[in-house]
Amino acid sequence: MPTYPWVHPSGWIRRDTYDAEQVEAGSMFPGFTLEQLRAHVLDPFDVAFALANPDEAACFSVLPNSRLAAGLASAYNDWLVDTWLRREPRLRGAMVVSAQWPEAAAAEIRRMAPTGLFAAVFLPGAARIPYGNPVYDPIWAAATEAGLPVVVHVHYEGVGTSGPLTGAGTPDFYTEFHTLNGASTQGHLVSILCHGVFERHPQAKLILMEGGLVGYVGVLWRLDQNWRSTRSEIPWCRRRPSDYVWDHVRFTTQPLEEPDDETQLAEVLRPLHPERTLVYATDYPHWDFDDPDQTLRTLPADWREPIRFRTAAELFGVPVPAAA
Amino acid sequence: MRTLRFPRSEAPAPGQVRTVESGGRRIGLVWIDDELHGLADACPHRGAPLCTAGMLVHRVESDGVRVVRHEPADRLRCPWHKWDFDVRTGACAEAPRMRVRRYRVWLEDDEIVVSLAPVRD
């Protein structure tokens with residue numbers, strides 16, 4: 001499998017999610033048991049609905065061998081169903097597909113969606129071609145037909161067959177990678193908007209995960225500005241690009257930027273309409289996990305209920321008690 | 001002065017952290033330079049179990065060319081966001097506003113005594 005050339009200096013995984021001595025002895029893999037997920041997240045935070053994203057399986061889409069990728073994606077989805085999703089009713093899966101072979105990806109969506117155990121189709125931030133390109137239309141069509149949003153989650157940028165992390169070239173340090181990896185999801189968003197994906201697939205939904213939020217504000221301002229001047233190049237993008245975002249795109253919280261003056265964050269994020277576009281995410285068991293109570297405390301009171309559950313409930317079609 | 005008492009056998013070995021618990025209060029004990037230090041088992045940044053799951057690491061400095069590792073390992077690294085806290089002061093060098101709560105700790109006969117009074121620098 002392709003893997004990162006950058007190594008976290010002190011570990012990718014939260015150190016309290018595994019027994020360090022057992023891991024060092026080679027008898028345990030850190031961080032990935034259902035019991036720990038229940039103990040660390042689902043039970044203490046009273047979670048009613050959680051989306052399980054892939055970790056290593058996210059790299060299948062940047063394998064050069066598309067047939068191998070499609071086979072691995074199917075095997076992963078079957079394993080996820082058997083090992084996690086059937087055992088924990090609060091969990092739904094994000095379905096891994098082979099982005100480099102969109103027809104096979106669409107077939108996988110049609111194979112797994114009827115299980116009712118998946119709540120999204122997963123694509124990694126790393127890609128050979130941005131996800132707005134018409135080559136991906138089979139994926140958008142199948143996901144929409146199944147009523148599943150597409151998740152694009154920061155992962156494996158600069159690895160395998162994907163393009164470089166940014167146009168600056170390959171960075172040297174993990175610190176650089178982790179600071180800049182949101183460039184991938186921003187790139188996919190701009191591609192999806194400029195290619196008119198939401199015109200061709202009016203029911204499509206997109207969730208952008210990780211990589212920071214503040215960057216989207218500037219990118220959307222700039223995209224709207226450019227669209228006014230250059231829209232003749234992309235006439236299928238009929239509306240102002242950011243207008244599609246409020247109807248079709250949702251963002252996740254983790255990792256929230258942490259300015260020295262915490263009050264600045266809400267002011268900077270306000271143009272993203274977080275009260276209708278932002279959904280809480282943990283990133284458990286990764287090292288930069290965010291605790292929901294801590295996360296919500298840093299945001300304005302009137303944003304908290306939609307971020308905690310209401311926006312996600314609407315997105316995933318989860319019933320919410322009237323009194324909630 | 002309110003104190004908590006634990007058997008001496010609860011003390012950590014030098015270079016290790018050991019968490020003791022009493023009345024819902026979890027306190028990490030650390031031996032550094034023949035002195036026993038006490039820190040709250042809660043990271044002031046996001047509430048992670050700093051002592052239960054954190055690890056002692058060395059302070060590392062560089063002048064831009066050479067890298068110097070200081071002895072002993074006197075920084076406690078948070079298991080989540082990997083911030084480092086000085087065991088002696090509770091301070092995070094990279095985020096000066098962040099300081100983990102400290103407890104005064106001493107040995108008395110066969111017991112470890114932890115004072116719950118605030119530590120003032």
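Residues numbered from 1 in each chain as written. Chains lettered and ligands numbered in written order. Predicted model: local features only at pLDDT ≥ 70, side-chain atom pairs only at ≥ 80, totals over all residues.

Trainee: Which residues make up the overall build of chain B, and what values do they have?
Mentor: Each helix and strand counted, chain B has one helix and 12 strands in total. Reading the secondary structure of chain B in the N-to-C direction produces β-β-β-β-α-β-β-β-β-β-β-β-β. A compact globule built from 121 residues would reach a C-alpha radius of gyration of about 14 Å, and chain B, at 14 Å, matches this within 12%. Contacts in chain B between residues at least 24 apart in sequence constitute 47% of all its contacts with a sequence separation of at least 6. (Helix = DSSP H or I, 4+ residues; strand = E, 2+ residues; numbered from the N terminus. Rg over C-alpha atoms; globule rule 2.2 N^0.38 Å. Contact = placed C-beta atoms within 7 Å.)

Trainee: Describe helix α4 (residues 102–112) of chain A, and please don't skip the residues or the numbers.
Mentor: Residues of α4(A) that are buried include every one of A:Pro102, A:Ala104, A:Ala105, A:Ala106, A:Glu108, A:Ile109 and A:Met112, and no others. Against α3 (66–85), β2 (91–96), β3 (118–124) and α5 (137–146) of chain A lie the buried residues of α4(A). (Buried ≥ 20, exposed ≤ 12 C-beta atoms within 10 Å, placed from the backbone.)

Trainee: Go over the sheet that holds strand β9 (residues 84–86) of chain B, please, and point to the residues and values.
Mentor: Residue and element names in this part refer to chain B. Taken in spatial order, the three strands line up as β5-β8-β9 in an open sheet, and their pairing is antiparallel. One side of each edge strand has no neighbouring strand; the edge strands of this open sheet are β5 (55–57) and β9. Taken pair by pair, the neighbouring strands of this sheet meet at an average axis angle of 35°, ignoring direction. Bridge analysis of strand β8 (residues 75–77) against β9 gives three bridges, and the strand direction is antiparallel. Paired with Arg75 across the bridge in β9 is Asp86. (Pairing = 2+ DSSP bridges. Axes fitted to C-alpha atoms, helices over the stretch in contact; angles between N-to-C directions.)

Trainee: Could you give an account of the nonpolar core, with specific residues and numbers?
Mentor: Residues A:Met95, A:Ala120, A:Val121 and A:Val151 are the most contacted members of the largest nonpolar core, which totals 77 residues. With 28 residues, the next largest nonpolar core counts A:Ile13, B:Ala48, B:Leu76 and B:Val114 among its residues. (Core = buried A, V, L, I, M, F, W, Y, C linked by C-beta atoms within 7 Å.)

Trainee: Which residues make up the interface of chain B and chain A, and what values go with them?
Mentor: Facing 11 residues of chain B, the contacting portion of chain A comprises nine residues. The residue inventory of the side of chain B that touches chain A, partitioned by class, reads five nonpolar, three polar and three charged. (Nonpolar A, V, L, I, M, F, W, Y, C, P; charged D, E, K, R; others polar.)

Trainee: I'd like to hear about helix α10 (residues 241–248) of chain A, residue by residue, with values.
Mentor: Residues and elements named next belong to chain A. Looking at α10, one finds that the buried residues are Pro241, Ser242, Tyr244 and Val245. Mapping the buried residues of α10 onto a view down its axis gives an arc of 150°, with all of them on the same face. For α10, the exposed residues lying more than 90 degrees away from the buried face are Trp246 and Asp247. Among the structural elements, α7 (182–194), α8 (197–200), α9 (214–230) and β6 (249–252) are those in contact with the buried residues of α10. (Arc of directions from axis to C-beta.)

Trainee: Lay out the environment of A:Ala127 with the relevant residues and their values.
Mentor: All names here are of chain A. Positionally, Ala127 belongs in the loop between β3 and α5. On the neighbour-count criterion, Ala127 (25 C-beta atoms within 10 Å) is buried. Along the primary structure Ala127 and Ala146 are separated by 19 residues, whereas in three dimensions their C-alpha atoms are 23 Å apart. Residue contacts for Ala127: discarding those within four places in its chain leaves Ser61, Ala99 and Ser162.

Trainee: Can you tell me about unusual backbone geometry, naming the residues and giving the values?
Mentor: Here A:Tyr284 and A:Pro285 are connected by a cis peptide whose omega angle stands at 5°. Locating A:Pro285 in the fold gives a position in the loop between β7 (278–279) and α13 (292–297). The residue after B:Glu71, namely B:Pro72, is reached through a cis peptide bond having omega -10°. Of note, B:Pro72 is situated in the loop between β7 (67–69) and β8. A positive phi is found at A:Asp283, a non-glycine position, where the angle reads about 65°. Mapped onto the elements of the fold, A:Asp283 is located in the loop between β7 and α13. Given 19 C-beta atoms within 10 Å, A:Asp283 falls into the partly exposed group. The backbone phi angle of B:Asp34 is positive, close to 65°, even though this residue is not glycine. By secondary structure assignment, the location of B:Asp34 is in the loop between β3 (25–32) and β4 (35–40).

Trainee: Would you mind going over the pairing of strand β4 (residues 150–153) of chain A in detail, with residue names and values included?
Mentor: Residue and element names in this part refer to chain A. Across the two faces of β4 the burial is the same, with Val150 and Val152 and Val151 and His153 all buried. Sheet analysis places β3 next to β4, joined by four bridges and oriented parallel. Residue pairing across strands places Pro124 opposite His153, the latter belonging to β4. Taken together, β3, α5 and β4 constitute a β-α-β crossover, and its handedness is right-handed. Summarising the sheet, β4 and strand β5 (residues 206–209) pair through four bridges and their orientation is parallel. In the strand pairing of β5, His153 is matched with Met209. (Right-handed = clockwise from strand over helix to strand, strands pointing away.)

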